[in-house]
Every structure is written in structure tokens, then in C-alpha cells.
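# Architecture and fold: a report
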Amino acid sequence: MKHTLSVLVENKPGVLTRVAGLFARRGFNIDSLVVAETENPAVSRMTITVEEQDRPIEQVSKQLHKLINVLKITDLDPAGSVERELLLIKVKANAQTRSEIMQIVEIFRAKIVDVSPEVLIIETTGTREKVSAFLELMRPFGVIELMRTGRIAMSRGKRPT
Amino acid sequence: MRAAEVILEALKREGVDTIFGFPGGALLPLYDALYDSDIRHILVRHEQGAGHAADGYARASGKVGVCLATSGPGATNLVTPIATAYMDSIPLVAITGQVSRHLLGLDSFQEADVTGITMPIVKHSYLVKDAKLLPRIIREAFHIAGTGRPGPVVIDIPVDVTKEEMEYDPDNPPAMELPGYKPNLKGHPKQIREAARLIAAAERPVIYAGGGVIASGASEELRKLALYGHIPVTTTLTGKGAFPEDHHLSMGMLGMHGTPYANYAISKADLIIAVGVRFDDRVTGNLQAFAPEARFIHIDQDPAEISKNVPADVPIVGDAKKVLAALNAELEKVDLSPDRHLPWMEQVEAWKREHPLVIRESECGEIMPEFAVRKIWEVTQGEAIVCTEVGQNQMWAALFYTSRYPRRFITSGGLGTMGFGFPAAIGAQVARPDALVVDIAGDGSFQMTVQELATAVQHRLPVKVCILNNQYLGMVRQWQELFWSRRYSYTCIECQPDFVKLAEAYGAEGYRATRPEELEEILRAAFASDRPSVIDIRVKREANVFPMIPAGGTVHDMMEREP
């Protein structure tokens, strides 16, 4: 089962290495990782998706708590949170295919962010599933390059993540 | 004030009076300040010695040990001691010199990424790039090392930082900034009540106590619990001395080389009260078959230990001393009659009678190692601080040196570091100048840190190294004998120095015992001396450590004695 851990850490040098190293050491493979400052510049948030395999995820989250620079860990419940990924894709587009691509972009509420004679760069955000579905529809046109971020997630309602 | 002086002043504020170290280029300003300081500096002969000595100092005293090494190779030589301290949760502050800030990251002379290298084996670490932060960081380092589950903290300081001029007011230290560090000391009252209920209802309870009891200073509370509840106690290797082993409720050590009765009791118990332990594989063997009939109360300072290896029925996170005191108070409300589990106590006694530890004095005129350890115990009246190396010597010491007090059995449990015992003994002797400190050593281990003889002689630290000399890397040889068809691949170390002459060359005293009947007299002479001594005890070469449960086995696989 996949877990999304939202981890608040002190914004200090070396904290990312400490966190990433701990996952590796304890035998957990990080699927995706997003790190950025929060509303408080002294604090960063890491959103980590990780697959639970042989050992319960609780093991790694308890070990994570022991890092002095880690402030708070939330194991986000998918139903109780909003999650997003961002995709940038460079796809081949000629006179015949361009309008078809634009229709799909419209349906997915994606965005064309760069146009040149033979390619388009398209941006889309959404859940992992939506981003993947969009990607599949783009593949037949010829994907030259794609980049996607890891997942960020926020818990629903008044309660902070 | 120069930052180097500020470091020393800040250390003094933390109660530091002794540092174990070895100088180097990146430490020149700090050593210049040490030259005038009233902090005692023990000059070792290899940085590994400094780290283990600081560790031994910490284990013997309960204070935070401090070691000092220069950048690059000096610091990497501390890696083994830091890992040793980490595995056994020993409070240690390791200060390492680093190249100047403008040289960082350029593969400069004697540069090593010390905070990077040590990351998996420290409780926390700092690379100090601003002298102004030193007072706060040193304060935090000692707080982190010594509180909660103790552990090593590294402070890596570029040499140019230590040369800076700065303001320092020892009476107004900066506040610590550790928003993410709040060890939970008090156990949850509801869980403590539940634990008391289980203890009162148990028919076959066993206390399984470890190093956490010693770290927390909870021996008295543990004793109360055992006595009030009439509960037999077994301890881990690092828990030796947490409960007096000469008490009738003691079953000695459990695990791979534990006593048969401790392991039998665990295998039949219906309740295990685990205090300050981590269910290490050397204790549990086959995890699925460990205490198969028992429920588990697990008391530990570290929430990550709870249910790591064995699921706890009643988890209690907190300081062992506080939790046990609360548990005892709870139990006093219940009437715990000694008769309530009389059959169990009789069973434990029967196991002790039927499966005692056997001490053979000699075979073919040769000294048996367990007899040597027992003699050391007799001559020291069980009062010495005993350090051990790692391997057979360690297990013989654990089995046959009956421990009565906490902080007097010092051994590398988790990491199993050969070469640990001798420098640790030096540290213990510094911490306890009036105590008799004995390192029960093997000839293999002792040769790993033998150069510290110079340290002991220079600083007049009269530690006694008792080598159980079998001219083998004995524990590996034992496994080769039992499990690898007696193919003694590279475990024979007959080519070795004359340890008596070696000791004398360093200015220490050397003794040798080859016959059982002369051992006592030689030990008495060596222990009476006020100088460091090496006693080369020639033991039967192929003696094995028994009892033994092979790795991953159960109590049913136990070999009680030589097959």
C-alpha cells in the first residue's frame, strides 16, 4: 500500500540527506519526494510517497520522529486529503494533430504553455491518476520529453496537515 | 574571546572536566587554548582509543563522554567508537576539527565529510559554520547526547571558525532551539495500570532488563519490582549489573550464550516485562519462537523500539526509572502474595539446579578460561569495574563474572567492537580513579588497540588487562569448529608478541600465568600494583563458550556443554 507522509522539518542544511538516508537505511524505497519552504521560512515541508512492503510504515515514521530536525509527521489518508502532481510534457504536433491535442487539453483543463512549429509544451496538474490518464492520451502523438513532480498533499477541512 | 576558548568554557559549563583526544592541524587553535585550560586532556595514541575511552568514561560515570579528533583521518578514526556508542545508546560528544570554511568541498588536505560519514550512526550532528552559534550548539549537543535515549553527537568545527574573536558570557548561555526534540519521560498512566493488572494476574512472569535500566539509573526501582512481585530477572549483556546477579531471583544473562535457566524461563513465561531492551537477534534467536507463550509489557524510552521486533501487548514509552516507580506504586495497591506463582518459582529453581553453569578448572594441566574469569572475580571480590573485548572473552566474562552493580560491566554489545575494552577501561579508570578496573581481553582484540598502553602509562592509569590468550580469534574459530567442519580459515594467530615483554617495553608491568595453581597469586600481585599491568593468561586453546544457541535457533537447539 502506498502512503503519503507529510513531514514538517526545520529548514536547515543537511536535513534532506538525513531524511532520505533514513528511508534507505531502514529499507524503505521513496517513490516521490517534494521539498519546499512553508508559510514559515524556518520550516520546510517534505511530502514523501512510499510503498509499504515488508515492514509497517509506522517503523519508518517512528524512526523519522527521532531526527532532531523533524517537527511533525502526518500519514495522510487519501480520502481526507487533496493531492496534486504537476506534469510538463513536450509533444509532437503538426497541422493535422494540433487541433486534436488541443481538444484533449481542453477536456483535461490542461494548459499549453509553449508553441513552436513542431512541438507543444503542455502543463497539467491533478491527482496521480488524472495526470497518468492525460499522459496516456498524449503518447500516440509522440512524447519527446516529460517531467512530473512528486505528489504534494493537504488535508481537507480546517485542521492543518 | 577566541572561539577556541569559548568552546572550552562552554564545555566546562556542561560539567566537562576531562577530554580524550589527539591533536592535528585543524585543531591547533583548540589545542592552543587547551594548553592553558584546567580541563584535563588524556592524550591517546590513536583516535579510536579516544572515542572508546570517552565511551568507557561515560558508561562508568553516567556523564557525557567527550572526545576530540582532527579533520580527515582523525575524524574517520572516530567512526568505530561513534557507531559503538550509537548501538549501545551511550552519551558521547565527539568534537572534530574540519578544514577552513573556504576549503570545504574542494577535496582539501585532510578534508572528509564527517557529518556525512557519521550521519547513520549519530543521534545528531552539527557542522558549525558560524562561531557565534558555538555556545548554543555545545549546549544542545550535551542535552541531546545525555537525555531521552542517550547517544553520540558530532560537532564538526572548521579551523578558521575556532580562530574567530567573539563575545561570550558563561552566565548567560543562549537558549536551546530544539523544537523537534521532546523525549517523553513519563509513561502513560493507563498503560501502567494495565501493566500492573497483567503482572498481578501472571502465573509465569519474567523480567527481561537491559541497558536502558542502567542508562536511566533505574536499578533500585527494578529491584523493588522484582522483589515485591517475586519475579525472576534476566538481563541482557549491556544490562549486566542492572539487577544483582547473586540474588536468588537473578537468572543471569539470556540469549545466544545466556544461561540455560534464563532461556528456559523465557520459553515458558506467560508474561515478559521487558525494560530498556530492544529484542536484539542475539537475545531472541528465532523471533517467532521467542517466548511463544508470553504476553509482552515493553517499557522503553524510544517509541521506535516498541513493537520493532516483537509486538508489545502493553507498550509504555518513558524513562525506565519513572515508569518503574509508577508501576511499583500501582502494584502496591494490589496484594501480590509470594504464593501466587509458587510452582513457577519452583520450576525456575529446578532449572537452575538441573542446568547449572559449569566451571572447569583445568584440562591436561591447562587453565580453562571460565576458571580464569572466576578467579578474577574471586580476587576482585566481584567489586571491580570489568571491561571486555569482543568474542569468547566477552561471553566468558559475561557468564562467569557475577555482576552486582550497574555501571561496572562495560562491553560493546550492539556493535561488537574488538579493541573496545582496553581504551574503555582507560576511560573508566579516569572516571573512577579509586576503582580497580580490569579489562578481560582476548589476544586478538587486545592487539587492535594495544598502543593505548602508552596512554595508560603516561597518565598513570593502573588498568589491568587480563588476556585470555588462546592464540586464536576464538569465537570465529568456535563457529568454524561447530558449523564449518573445523576449517580454521585465518583464525589462528600464533604469531603474536610476547605480551609480557610488550607491556614492559611500554613501561607497564607484564605477568604470565600458564598453570591453574599459579593464577591466583599472579592476579593478586598484578592487581595490587599501582601501575598498568598486562596478565598473559594462557588458556586451553580450543575451549569453547557454552551454553550456546546457534544463530536463529531456539532453546531446543541449545548446546549446554562440549558435545
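Residues numbered from 1 in each chain as written. Chains lettered and ligands numbered in written order. Predicted model: local features only at pLDDT ≥ 70, side-chain atom pairs only at ≥ 80, totals over all residues.

A separate point is the interface of chain B and chain A. Each side of the interface is counted separately: chain B has twelve residues, and chain A has 14 residues. Partitioning the side of chain B that touches chain A into residue classes produces eight nonpolar, three polar and one charged. (Contact = placed C-beta atoms within 7 Å. Nonpolar A, V, L, I, M, F, W, Y, C, P; charged D, E, K, R; others polar.)

So, about the domain arrangement of chain A. All names here are of chain A. Here the domain parsing of chain A yields domain 1 (2–76) and domain 2 (82–154). The distance between the C-alpha centroids of domain 1 and domain 2 comes to 29 Å. Between domain 1 and domain 2, the contact holds eight residues from the first and six residues from the second. If you list the elements that add at least two residues to the side of domain 1 that touches domain 2, you get strand 1 (2–10), strand 2 (30–37) and strand 3 (43–51). For the side of domain 1 that touches domain 2, the element with the most residues is strand 2, which contributes three residues. (Domains from an automatic or database assignment. Helix = DSSP H or I, 4+ residues; strand = E, 2+ residues; numbered from the N terminus.)

This part is about helix 16 (residues 369–379) of chain B. Spacing of three or four residues puts side chains on the same side of an α-helix, whose turn is 3.6 residues. All names here are of chain B. A large share of helix 16 lies buried, amounting to ten of its eleven residues. Of all the residues in helix 16, the buried ones are P369, E370, F371, A372, V373, R374, K375, I376, W377 and V379. Looking at the residues trailing helix 16, positive phi occurs at Q381, about 55°. (Buried ≥ 20, exposed ≤ 12 C-beta atoms within 10 Å, placed from the backbone.)

The next thing to look at is unusual backbone geometry. Residues and elements named next belong to chain B. Residue F546 is joined to P547 through a cis peptide bond whose omega torsion reads 5°. Looking at where P547 falls in the secondary structure, it is placed in the segment after strand 20 (533–538). With a phi close to 55°, D107 is a non-glycine residue in the positive phi region. Mapped onto the fold, D107 is located in the loop between strand 4 (92–98) and helix 6 (114–118). For F279, which is not glycine, the phi torsion reads 50° and is therefore positive. Following the sequence through the fold, F279 ends up in the loop between strand 10 (271–275) and helix 13 (281–284).

Attention now goes to the sheet that holds strand 10 of chain B. Residues and elements named next belong to chain B. One open sheet holds the six strands; their spatial order is 9-8-7-10-11-12, and the pairing between them is parallel. Looking along the sheet, the strands with just one partner apiece sit at the ends: strand 9 (250–253) and strand 12 (314–317). Along the sheet, successive strands turn relative to each other by an average axial angle of 15°, direction set aside. Relative to strand 12, strand 11 (residues 295–300) runs parallel, the two sharing four bridges. Across the sheet, the residue bridging to H298 is P315, located in strand 12. (Pairing = 2+ DSSP bridges. Axes fitted to C-alpha atoms, helices over the stretch in contact; angles between N-to-C directions.)

This next bit is on the environment of K63(B). All names here are of chain B. Looking at where K63 falls in the secondary structure, it is placed in the loop between helix 3 (47–61) and strand 3 (65–69). On the neighbour-count criterion, K63 (18 C-beta atoms within 10 Å) is partly exposed. Each C-alpha atom, one on K63 and one on P338, is 38 Å from the other, the two residues being 275 residues apart in sequence. Once you skip the residues sitting within four places of it in the chain, K63 turns out to touch G15 and A58.

This paragraph deals with the nonpolar core. Counting 203 residues, the largest nonpolar core has V93(B), I155(B), V275(B) and I535(B) as its most contacted members. The contacts of V93(B), once residues within four sequence positions are left out, are V64(B), V66(B), A141(B), F142(B), A145(B), V153(B) and I155(B). V91(A), A110(A), F134(A) and M138(A) belong to the second largest nonpolar core, which has eleven residues in total. (Core = buried A, V, L, I, M, F, W, Y, C linked by C-beta atoms within 7 Å.)

The next subject is the sheet that holds strand 17 (residues 437–442) of chain B. All names here are of chain B. Taken in spatial order, the six strands line up as 16-15-17-18-20-19 in an open sheet, and their pairing is parallel. Looking along the sheet, the strands with just one partner apiece sit at the ends: strand 16 (409–410) and strand 19 (509–513). Each of strand 18 (464–469), strand 19 and strand 20 is contacted by helix 22 (residues 499–506), which is oriented at about 170° to strand 19, the strand it contacts most.

Frequently, the measure chosen for interface size is the accessible area that the parts lose on association. Residues and elements named next belong to chain B. Partitioning chain B into domains gives domain 1 (3–163), domain 2 (189–354) and domain 3 (362–546). If you look at the interface, domain 1 gives six residues, while domain 2 gives six residues. Grouping the constituent residues of the side of domain 1 that touches domain 2 by class yields one nonpolar, three polar and two charged.

Quick look at the confidence of the model for chain B now. Within chain B, residue pLDDT values average 97, and 100% of them lie at 70 or more. Scored by ipTM, the complex comes to 0.91, with pTM at 0.96. (pLDDT = per-residue confidence, 0-100.)

Another point: the pairing of strand 20 of chain B. Residues and elements named next belong to chain B. With respect to burial, strand 20 is a largely interior element, five of its six residues being buried. Pairing of strand 19 with strand 20, which is carried by five bridges, proceeds in the parallel orientation. Across the sheet, the residue bridging to R512 is D536, located in strand 20. Each parallel crossover has a hand, and the one from strand 19 via helix 23 (residues 516–528) to strand 20 is right-handed. (Right-handed = clockwise from strand over helix to strand, strands pointing away.)

Residues and elements named next belong to chain A. When you tally the buried positions in strand 6 (residues 111–115), you get zero out of five residues, a small fraction of the element. By the bridge criterion, four bridges tie strand 6 to strand 7 (residues 119–126) in an arrangement that is antiparallel. Bridge pairing links V115 to L120 in strand 7. Hairpin geometry of strand 6 and strand 7 is characterised by an intervening segment of three residues between the two adjacent antiparallel strands.

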